[in-house]
Amino acid sequence: MPTEELTDSFRHAMSSFPSGVTIVTTADAEGNRWGFTATSFCSVSLDPPMVLVCLSADAQCHPAFSAASSWVVHVLPPEHRDLALWFASKGVDKFSRGAYTTTPQGHPLIDGATATLECDTAARHRAGDHTVLIGTVTRTRVHPTAPLVYHHRAFHTLTPLPAPAPVS
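Right, let's walk through the structure included here. (Residues numbered from 1 in each chain as written. Predicted model: local features only at pLDDT ≥ 70, side-chain atom pairs only at ≥ 80, totals over all residues. Heavy atoms only, no water.)

## Overview of the pairing of strand β9 (residues 115–127)
Where we set the bar: We call two strands paired when DSSP finds no fewer than two bridges between them. We count a stretch as a helix when DSSP gives it H or I for four or more residues in a row; a strand needs E for two or more, and each element gets its number in order from the N terminus.
Bridging between strand β6 (residues 70–75) and β9 involves six bridges; their strand directions are antiparallel. Along β9, the bridge assignment pairs S70 with D120. Inspection of the sheet shows β9 paired to strand β10 (residues 130–142) by 12 bridges, in the antiparallel sense. Across the sheet, T121 pairs through a bridge with G135, a residue of β10. A loop of two residues connects β9 with β10, the two strands running antiparallel in sequence, and G128 in this loop sits at a positive phi of about 60 degrees.

Written as structure tokens, this is what we have:
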């Protein structure tokens, strides 16, 4: 398959896989806040608890996350769709919208997230045009809200399926 055709086909295939929507935040040594929207997020290990997230190598925040010893993953609820789009934008003050508190390490915490996972950096791996950030989870918070979902290049909410009919 020609490269351009494979790239388009790959992008379409991956859009068929629904994913949650996260915003990842950190603060650098000078206290500057950094963040990005990520749909490439998953658990890696239960013992110890670890997660991974993928960051574009050309993202403005890439140098900050390349140096960060810790960061926070926020699983977003549907009400934060516009915030997800804002954090996916280039050249904007990402923290000029939304409400935040701060962790003891100085990392921004997004108010109203479905879940937050505070992570210490365990590893970084270059993979194509992205860097895979692997973090050891040091603290979690979970709120009883449904997550925002991204599928076929659009945002969605979850709808439970009805219970299956009894087998006779």
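## Topic: the nonpolar core
Here is the rule we go by: Residues belong to a common nonpolar core when they are buried Ala, Val, Leu, Ile, Met, Phe, Trp, Tyr or Cys residues joined through side-chain atoms within 4.5 Å. Categorising residues by exposure relies on relative accessible area from a 1.4 Å probe, with only protein chains included: less than 20% of the type maximum marks a residue as buried, more than 50% marks it as exposed, and the intermediate range marks it as partly exposed. Should any heavy atoms of two residues lie within 4.5 Å, those residues are counted as being in contact.
The biggest cluster of nonpolar side chains holds 18 residues, and the ones touching the most others in it are V24, F36, F65 and W71. With near-sequence residues (within four places) excluded, F36 lies in contact with T22, I23, V24, V53, C54, L55, C61, F65, F87 and L133. With 11 residues, the next largest nonpolar core counts V21, A84, W86 and F87 among its residues.

## Considering the pairing of β6
With six of six residues buried, β6 lies mostly within the body of the structure. Of the two faces of β6, the one carrying S70, V72 and H74 and the one carrying W71, V73 and V75 are both buried. Pairing of strand β2 (residues 22–27) with β6, which is carried by four bridges, proceeds in the antiparallel orientation. Note on β6: the bridge partner recorded for I23 is H74.

## Thoughts on unusual backbone geometry
In the segment running from D47 into P48, the intervening peptide bond is cis, with an omega of 0 degrees. Phi at H152 takes a positive value of approximately 50 degrees, unusual for a residue other than glycine. Tracing the backbone shows H152 in the loop between β11 (149–151) and β12 (154–156). Even without being glycine, R153 reaches a positive phi, approximately 60 degrees.

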